[in-house]
Each structure stands twice: as C-alpha cells, then as structure tokens.
Amino acid sequence: MVGIRAAVLFALAAGWTGPAPAQSETTCARDLLVAQSMQRQAIDQLEQADGEDAKNCRIWRRHVETMRRVASVYGRCLSGSDRSERLAQVQASDREFSEAIKARCTGR
C-alpha cells in the first residue's frame, strides 16, 4: 500500500495538470480539481489510520469509493498518457484496498 501512496503523493506534489479535456473545458477543469482534492483527502485519511481494524475498514471503504469516483473523472476528462497513468494509479489503489477489505473487514 505504501508504494501506491508514494506514487500518488509524488504526482500530486509535482503539481500534475492534465492536457486540455476532451469534454467541456470548464466542466472538466473543475471536475479534475475536485477529483485531485478528493484524492488528496483520501490519502490524508489513509495516513491517519491508526491500525484499529474497524476504523481502518471504514477508511479503506471510503478510499475505494473515492478512487472509483476519481477514476471516472480521469477517464472522462483526460487523454493520452496522462489518462493512462492517472487511471492506472487510482485503479491500482482501488484494487489494493478492495483486497484488504475482503481479507480483513468481514463483519466490520
């Protein structure tokens, strides 16, 4: 999980901005900013997880939902290699935490 977090944090810290969106530039520009903010908040929440399974499970579930929303925006508003790279990051994070939920969050 640390590797994905590091990659996402690096992309955010590098001030990533995508190419001109395929749809309405105004709508996608706004949606991309919101998606990046959501992604940043989800990462912050992961970093605050304290190891308590019940709390972690809630955080992980929110993280997966957020990554899916972010992926939807990236898929709709980006193109080319930026789209591929950003989608790969959030989809890998989604998969990783979905697996952790299945393994550790039954009944929580």
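Refer to the structure above for everything that follows.
This write-up is about the structure you can find in this document.

So, how was this worked out
Residues numbered from 1 in each chain as written. Predicted model: local features only at pLDDT ≥ 70, side-chain atom pairs only at ≥ 80, totals over all residues. Heavy atoms only, no water. Helix = DSSP H or I, 4+ residues; strand = E, 2+ residues; numbered from the N terminus. Buried < 20%, exposed > 50% of the residue type's maximum accessible area, 1.4 Å probe, protein only. Contact = heavy atoms within 4.5 Å. Salt bridge = Lys/Arg side-chain N within 4 Å of Asp/Glu carboxyl O. Axes fitted to C-alpha atoms, helices over the stretch in contact; angles between N-to-C directions. Parallel < 35°, antiparallel > 145°, perpendicular 65-115°, else oblique. Left-handed = near helix turned anticlockwise from the far one by under 90°. Nonpolar A, V, L, I, M, F, W, Y, C, P; charged D, E, K, R; others polar. Disulfide = S-S within 2.5 Å.

Structural notes on the environment of valine 70
So, step 1. Tracing the backbone through its elements, the reader meets valine 70 in helix H3 (residues 53-77).
So, step 2. Residue classification places valine 70 among the buried residues on the basis of a relative accessible area of 1%.
So, step 3. Taking the C-alpha atoms as reference points, valine 70 and leucine 32, separated by 38 residues in sequence, lie 8.3 Å from one another.
So, step 4. Leaving out residues up to four positions away in the same chain, valine 70 has contacts with Ala35, Met38, Gln39 and Val90.

So, the pattern of salt bridges
So, step 1. This structure, assessed with the given rule, holds four salt bridges.
So, step 2. Among the salt bridges present, the one from glutamate 65 reaches arginine 69, with a minimum N-O distance of 3.3 Å. One end of the pair is glutamate 65 and the other is arginine 69, both in helix H3 and four residues apart, which spans about a single turn.
So, step 3. Classification of glutamate 65 as partly exposed rests on a relative accessible area of 37%.

Observations concerning the packing of H3 against helix H4 (residues 80-104)
So, step 1. Running from amino to carboxyl end, H3 crosses H4 at an angle of 155 degrees, the nearest separation of the two axes being 9 Å. By the angle between their directions, the pair H3 and H4 is classed as roughly antiparallel. Crossing geometry of H3 relative to H4 is assigned as left-handed. Here Asp53, Cys57, Trp60, Arg61, His63, Val64, Met67, Arg68, Val70, Ala71, Tyr74 and Gly75 of H3 come into contact with H4, specifically with Arg83, Arg86, Leu87, Val90, Gln91, Ser93, Asp94, Phe97, Ser98, Ala100, Ile101 and Arg104.
So, step 2. Taken together, the residues of the contact of H3 with H4 break down into 12 nonpolar, five polar and seven charged.

Observations concerning the state of the cysteines
So, step 1. In total, this model carries two disulfides according to the counting rule given.
So, step 2. A sulfur-sulfur distance of 2.2 Å marks the disulfide that ties cysteine 28 to cysteine 77. Between cysteine 28 and cysteine 77, the S-S torsion sits near -75 degrees, and that sign places the bridge as left-handed. Of the two residues, cysteine 28 sits in helix H2 (residues 25-48) while cysteine 77 sits in helix H3, which places them 49 residues apart along the sequence. Residues cysteine 28 and cysteine 77 agree in their burial class; the two are buried.

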